Amino acid sequence: MERARSVPSRRTLLKGTALAVVPAALLTGPPAAAAKPAAVDYPGAEWVPASTSNYTVAKRPSQYPVEYVVIHVTQEYFADTLAIFQNPAKQVTAHYVVRSADGHIAQCVREKDVAWHAGNWDYNTRSIGIEHEGWVDRPEYFTNAMFEASAALTASVCDRYGIPKDREHILGHVEVPGTDHTDPGALWDWTKYIRLVNLG
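Note that this is a predicted model, so its numbers are computed, not measured.

Draft legend 1. Quick look at the nonpolar core. Ranked by internal contacts, the top residues of the largest apolar core, which has 32 residues, are Ile-105, Ile-170, Trp-188 and Tyr-193. Those elements that place two or more of their residues in this core are strand 3 (68-71), strand 4 (96-98), strand 7 (127-132), helix 6 (144-161) and helix 7 (190-199). If we skip the residues at most four places from it in the chain, Trp-188 touches Ile-71, Val-73, His-132, Phe-142, Met-146, Phe-147 and Tyr-193. Within the second largest apolar cluster, 14 residues are counted, among which are Phe-85, Val-92, Cys-108 and Ala-115.

Quick look at the structure:
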């Protein structure tokens, strides 16, 4: 889809588009009714589908090889991020979003499809995008629960697609060629994260 190649910057779309702040009870309470297990690629994830206007339907890995995992930080609250991905006007999404408080995982795009997360069409086609609730300059959002859940998800993705569990294949958004993003930022503990991925 040609339109996907000119997707606006994720920073532009996410920054300043927050909805009204969701009460804390909604962010930390039990997940909404989960869809059928067949709807998710990662067991235990909650299916929260993105708008079909915000990703490209594909047949990966036969159409495009899956070679990377790209790590993002939302710069938004968990619920607000999901709402942005469900808004057809935003033209941005990721495959997964991980909640800070408890590591709860929402899947928004099937892994076979191309999420618009990296700001680089080639990397979008060859990667799984994982968003993490929080802000790059607020380390209190990088909880153990979030790190452990995300690392287990990344380990599963790597195992299923034969992706090496190293920093050459598990990238920060900042490392995607042509990006203007800084996430996951200097406070993201890559040593801890890669160690946890390799335990998974």
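Draft legend 2. Quick look at the sheet that holds strand 1 (residues 46-47). Taken in spatial order, the six strands of this open sheet run 1-5-4-7-3-8, and their pairing is mixed. Edge positions in the open sheet fall to strand 1 and strand 8 (170-172), since each of these has one partner strand only. Taken together, the three bridges between strand 4 and strand 7 define a ladder with parallel strand orientation. Across the sheet, the residue bridging to Val-98 is His-132, located in strand 7. Running at roughly 155 degrees to strand 8, helix 7 makes contact with strand 3, strand 7 and strand 8 of the sheet.

Conventions we followed
- What you see as residue numbers is a count from 1 along each chain, following the sequence as written.
- Only residues with pLDDT of 70 or above have their local features reported here, since the model is predicted, and side-chain atom pairs are shown and tallied only from 80 upward, although totals for entire chains, interfaces and linings are computed over all residues.
- Think of the side-chain values as coming from all heavy atoms in the structure, minus any hydrogens and water.
- Nonpolar cores are built from buried Ala, Val, Leu, Ile, Met, Phe, Trp, Tyr and Cys residues. Side-chain atoms within 4.5 Å join them into one set.
- Each residue's exposure class comes from its accessible area (1.4 Å probe, protein chains only) as a fraction of the maximum for that residue type: buried when under 20%, exposed when over 50%, partly exposed otherwise.
- Secondary structure elements are defined from DSSP: runs of H or I of at least 4 residues count as helices, runs of E of at least 2 residues count as strands, and each element is numbered from the N terminus.
- Should any heavy atoms of two residues lie within 4.5 Å, those residues are counted as being in contact.
- Whether two strands pair comes down to DSSP finding at least two bridges between them.
- Only C-alpha atoms enter the line fits that serve as axes; for helices the fit covers just the stretch in contact. Angles between N-to-C directions range over 0 to 180 degrees.

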